[in-house]
Amino acid sequence: MKSVPIDKTIQRSNEPILKVKGLKTTFITKNGDVRAVNGLDFNLNNGQRMAIIGESGCGKSVLAQTILNLLPNNAQVSGEILFQNSAILNQSDEQMVALRGKLIGLIPQHLSSLNPLMKTHLQVEEAIQPDGGSQEKNDISRKMLNLLNSVGLRTYVSERHPHQLSGGMNRRVLISMGIAQNPSLLLADEPTTGLDTILRHKTVKLLDRITQDRSLLLITHDINVARLCETIAVMYAGEIIEKGSAEEILENPKHPYTEGLIASMPSRGMSSIPGLSPSLIEIPSGCRFHPRCPLATEQCMKIHPVLNGEQAGVRCHACS
Amino acid sequence: MGSKQEFVAMLVVENLSKIYTSGFFRPQDFHAVKDVSFSVHKDEIFGLVGESGSGKTTIGKMLVRLIDPTSGKITIDKKDITNMRGKELREYWTNLQMVFQDPRSSLNPRIKVGESLIEGLKLSGNIDSIDEVTQDLLKSVNIREEILNRYPHEVSGGEIQRIVIARALSLNPKLLVADEPTSNLDMSVQAQVLRLIKDLQRKHSIPCILISHDIEVVKWMCDRIAVMLNGRIVEEGITNDVIHNPQHPYTQDLIKATFLSDIPTVDGEPGEGHSLHNGCSYAGKCIFVKPECLENEIQLRGDHHKVACILAH
């Protein structure tokens with residue numbers, strides 16, 4: 001079981017906890033190969049919080065599934081993922097079990113991830129000790145109640161089924177399960193979808209609190225929620241097209257796509273980006289954004305731009 | 001109510017209530033909507049804002065007569081539609097259109113998008129002009145014709161929502177209710193769809209009710225808004241007045257939450273503990289709470305900017 005030798009103590013340093021290099025995830029389907037993640041590179045430092053934003057179908061959720069190796073059988077993955085300097089791509093299921101939840105926690109996107117037939121306490125207890133280990137039953141239920149309280153849920157919630165709880169409460173149950181084993185890296189996949197304004201606010205505050213001492217990779221399409229993180233990476237058609245500090249991206253976006261995304265927020269005038277996001281089967285040549293880009297030139301149609309810069313950068317001929 | 005104001009109200013809602021009863025042996029009442037009154041002018045988008053469970057959707061469904069009100073009155077163009085039944089309602093229904101939150105589930109997955117689009121036109125008997133009308137509709141919502149030959153699962157969320165909007169407007173309704181029309185869509189697509197609703201509403205000049213929990217969307221879209229809490233309107237007025245000068249503590253907190261700033265409220269679920277007293281629904285969470293707040297339900301008062309709070313009067 002213990003084949004991934006990893007140090008669990010958090011050291012706040014510039015040492016990357018997660019390194020992703022040239023990652024490609026392709027789904028083989030009868031309509032063609034769907035290139036969901038297509039050449040992704042980034043580093044996430046220890047204790048750093050990074051948000052990945054982009055439209056539906058840009059491959060951001062597939063990234064989380066690739067990191068935890070939760071992909072269906074028709075997926076092909078290449079590239080490199082290093083977690084605390086050990087390669088975790090293409091590990092066996094057993095090795096991944098040692099990693100999932102304990103070192104890398106996941107808050108899944110859909111509330112349907114909860115078992116509708118199980119009461120909350122059973123589900124959270126299972127997340128605390130998934131492998132039927134040696135912890136005392138009383139210990140586990142005490143931990144379970146502490147966990148529920150720490151995400152702002154009252155004790156009675158543990159005796160309820162998911163359908164008896166509101167969307168916001170179920171969301172908090174999922175969050176508590178994601179941090180149940182105190183992982184050093186948390187992947188949160190769209191943790192605020194389907195929540196109303198006040199619940200969204202509470203969820204963001206909660207995420208902020210529980211990620212004070214761990215790294216966070218936040219996947220979201222809600223730019224306001226992405227503000228929680230220090231760093232933002234913008235994804236388009238399976239690759240990062242711009243990254244930088246949250247402030248820089250939100251106040252001074254460089255890539256025309258990022259600009260468009262920010263201008264589509266109701267508070268920034270709500271102008272939409274023309275056209276649709278590209279099919280991941282037939283990805284446009286050259287710059288993947290050129291069919292929708294107001295600044296596209298001939299060069300953009302032919303040459304695929306590179307992301308200039310390590311910590312902050314933009315993938316665009318016009319602005320690099 | 002409408003006659004006092006400077007406009008002629010197209011839609012008038014008076015003292016509308018809905019009580020759901022559940023349980024067989026010991027039935028329990030749940031007041032989803034309590035004594036709601038408002039009126040909407042024909043060139044206006046009226047926003048209903050509130051949290052999940054505040055009764056927004058129930059009002060929307062009552063307005064298009066998908067559910068029957070327990071009490072109260074709905075008048076459209078001086079015609080009382082509250083008690084319409086049978087054939088009369090079936091014929092009038094073309095005038096009441098609603099756009100739902102999840103566009104995919106409002107189309108039949110087994111028939112092509114194009115068939116769904118013209119179904120209403122066919123049933124209403126305008127068979128001769130169908131092709132012409134369809135072309136106009138497609139142009140107005142900016143959809144390529146090839147999409148009509150696809151099934152709902154083959155069309156993107158934004159396109160399908162535009163098809164649903166086109167279908168709703170194909171019968172020249174007298175009322176359009178849009179229930180969270182963009183909460184399942186991406187931010188960039190949301191902008192397209194909301195602009196479309198606004199343009200079409202202006203062009204057709206029909207009253208539109210926009211239901212949303214997103215203050216920013218409502219601020220951009222609506223002429224007037226009503227803020228709902230536990231089935232009641234707690235504040236109503238011109239959008240800019242309400243958003244820039246909120247009077248009810250609940251509205252103030254809702255606006256703060258939208259911009260993710262700190263809310264100084266008591267923790268707990270909305271409306272929690274409300275059943276213990278008869279007073280204001282927000283009393284349990286309000287930082288300005290006074291003993292009077294717990295005694296009686298506070299009425300909505302005011303002229304243009306109405307507020308249901310003792311502090312505001």
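With that settled, consider the overall build of chain A. Scanning chain A for helices and strands turns up 10 helices and 11 strands. If you line up chain A on its principal axes, its C-alpha atoms span 65 × 45 × 45 Å. Counting the 320 residues in chain A, one finds 47% classified as buried. Long-range contacts, defined here as pairs at least 24 residues apart, represent 64% of the contacts in chain A between residues at least 6 apart.

Of regular secondary structure, chain B possesses 9 helices and 11 strands. Each principal axis of the C-alpha distribution contributes one length, and for chain B these read about 65 × 50 × 45 Å. Evaluated residue by residue, chain B yields a buried proportion of 46% over its 313 residues. Sequence-distant contacts in chain B: of pairs separated by 6 or more residues, those separated by 24 or more amount to 64%.

Right, let's talk about the interface of chain B and chain A for a bit. Opposite the 24 residues of chain B that make contact, chain A presents 24 residues. Of all elements in the fold, only helix H6 (187–204), helix H7 (215–221) and helix H9 (249–258) of chain B reach the threshold of two or more residues within the side of chain B that touches chain A. A total of 6 residues in the side of chain B that touches chain A trace back to one element, the largest contributor, which is H6(B).

All names here are of chain A. A sheet is described by the order of its strands in space; here 4 strands give the open sequence S2-S1-S4-S5, paired in antiparallel fashion. Each having just a single partner strand, strand S2 (32–45) and strand S5 (86–87) make up the two edges of the open sheet. In terms of strand pairing, strand S4 (residues 75–83) meets S5 through 2 bridges, oriented antiparallel. Residue pairing in the sheet places Leu 82 in a bridge with Ala 87 of S5. Strands in contact with helix H1 (residues 60–67) are strand S1 (16–29), S2 and S4; relative to S2, the strand with the most contacts, it is inclined by about 70°.

All names here are of chain B. Reading across from one edge, S2-S1-S4-S5 is the order of the 4 strands in this open sheet, with antiparallel pairing throughout. Each edge of the open sheet is held by one strand with a lone partner, namely strand S2 (28–41) and strand S5 (79–80). Direction of pairing for strand S1 (residues 9–22) relative to S2: antiparallel, over a ladder of 10 bridges. In the strand pairing of S2, Ser 22 is matched with Gln 28.

Residue and element names in this part refer to chain A. According to the domain assignment, chain A contains domain 1 (16–103 + 184–314) and domain 2 (110–182). Here the C-alpha centre of domain 2 lies 28 Å away from the C-alpha centre of domain 1. Of the residues lining the interface, 11 residues belong to domain 1; the matching set on domain 2 comes to 13 residues. Looking at the side of domain 1 that touches domain 2, the element that brings in the most residues is helix H6 (residues 197–210), giving 5 residues.

This paragraph deals with the confidence of the model for chain A. The predicted model of chain A has a mean per-residue pLDDT of 88, with 95% of residues at 70 or higher. Here residues 1–11 of chain A scores under 50 on pLDDT; set against residues more than four positions off or in separate chains, the count is 20 contacts.

Before going further, it helps to examine the packing of helix H3 (residues 113–124) of chain B against helix H5 (residues 157–169) of chain B. All names here are of chain B. One way to put it is that H3 packs onto H5 with a least axis distance of 7 Å and a crossing angle of 20°. Judged by the inter-axis angle, H3 sits roughly parallel to H5. H3 and H5 meet at a crossing whose hand is right-handed. Counting all contacts with H3, which are made through Val 113, Ser 116, Leu 117 and Gly 120, the residues of H5 involved are Ile 163, Ala 166 and Arg 167.

Keep in mind that low pLDDT regions are not for reading the predicted coordinates in detail. All names here are of chain B. Averaged over every residue, the pLDDT of chain B is 86; the share at 70 or more is 92%. Here residues 1–5 is modelled with pLDDT under 50, and outside its nearest four sequence neighbours on either side it reaches 8 contacts, counting other chains as well. In the predicted complex, the global pTM is 0.81; the interface-specific ipTM is 0.74.

Turning our attention to H6(B). Residue and element names in this part refer to chain B. With 18 residues, H6 ought to run about 26 Å at 1.5 Å a step, and its terminal C-alpha atoms sit 26 Å apart, in line with that. Of all the residues in H6, the buried ones are Met 187, Ser 188, Val 189, Gln 190, Ala 191, Gln 192, Val 193, Leu 194, Leu 196, Ile 197 and Gln 201. Note on H6: the residue one or two positions beyond its end, Ser 205, has a positive phi of about 35°.

Residue and element names in this part refer to chain B. Most of strand S9 (residues 224–229) sits inside the fold, with 6 of its 6 residues counted as buried. Judged by which residues are buried, S9 turns out to be covered on both faces: Arg 224, Ala 226 and Met 228 on one side and Ile 225, Val 227 and Leu 229 on the other are all buried. Note: S9 against strand S10 (residues 232–238), 6 bridges, orientation antiparallel. Note on S10: the bridge partner recorded for Leu 229 is Arg 232. With antiparallel pairing between neighbouring strands as the criterion, S9 and S10 make up a hairpin whose turn holds 2 residues, including Asn 230 at a positive phi of roughly 45°.

The next point concerns helix H3 (residues 120–128) of chain A. For H3(A), the full list of buried residues reads Thr120(A), Gln123(A), Val124(A), Glu125(A), Ala127(A) and Ile128(A). Where H3(A) is buried, its residues meet helix H4 (137–150) and helix H5 (167–178) of chain A.

A word on unusual backbone geometry. Positive phi is not limited to glycine here, since Gln84(A) has a value of about 45°. Mapped onto the elements of the fold, Gln84(A) is located in the loop between S4 and S5. In the Ramachandran plot, Asp77(B) falls in the positive-phi region, its phi being about 50° despite a non-glycine side chain. Take Asp77(B): it is sitting in the loop between strand S4 (71–76) and S5. Classification of Asp77(B) as partly exposed rests on a count of 15 C-beta atoms within 10 Å.

Conventions we followed
Sequence order sets the numbering: in each chain, residues are counted from 1 along the sequence as written. Written order decides the labels, with chains lettered from A and ligands numbered from 1. Per-residue local features are limited, in this predicted model, to residues with pLDDT of at least 70; the limit for side-chain atom pairs, both in listing and counting, is 80 or more; totals at the level of whole chains, interfaces and linings are taken over all residues. The numbering of helices and of strands both runs from the N terminus, where a helix is a DSSP run of H or I of at least 4 residues and a strand a run of E of at least 2. Labels follow a simple rule on C-beta atoms placed from the backbone: if 20 or more others lie within 10 Å of a residue's own, it is buried; if 12 or fewer, it is exposed; otherwise it is partly exposed. C-beta atoms are placed from the backbone for every residue, and two residues are taken to be in contact when these atoms lie within 7 Å. At least two bridges found by DSSP between two strands is the condition for calling them paired. Every angle, taken between N-to-C directions, lies between 0 and 180 degrees, and every axis is a line fitted to C-alpha atoms, over only the stretch in contact when it is a helix. An automatic or database domain assignment is the source of the domain bounds shown. pLDDT runs from 0 to 100 and stands for how confident the predictor is about each residue. The scheme is simple: roughly parallel for angles under 35 degrees, roughly antiparallel for over 145, roughly perpendicular for 65 to 115, oblique for anything else. Whether a crossing is left-handed or right-handed is set by the direction in which the near helix is turned from the far one by less than a right angle, anticlockwise for left-handed and clockwise for right-handed. In this analysis, the expected span of each helix is defined as 1.5 Å times one less than the number of residues it contains.

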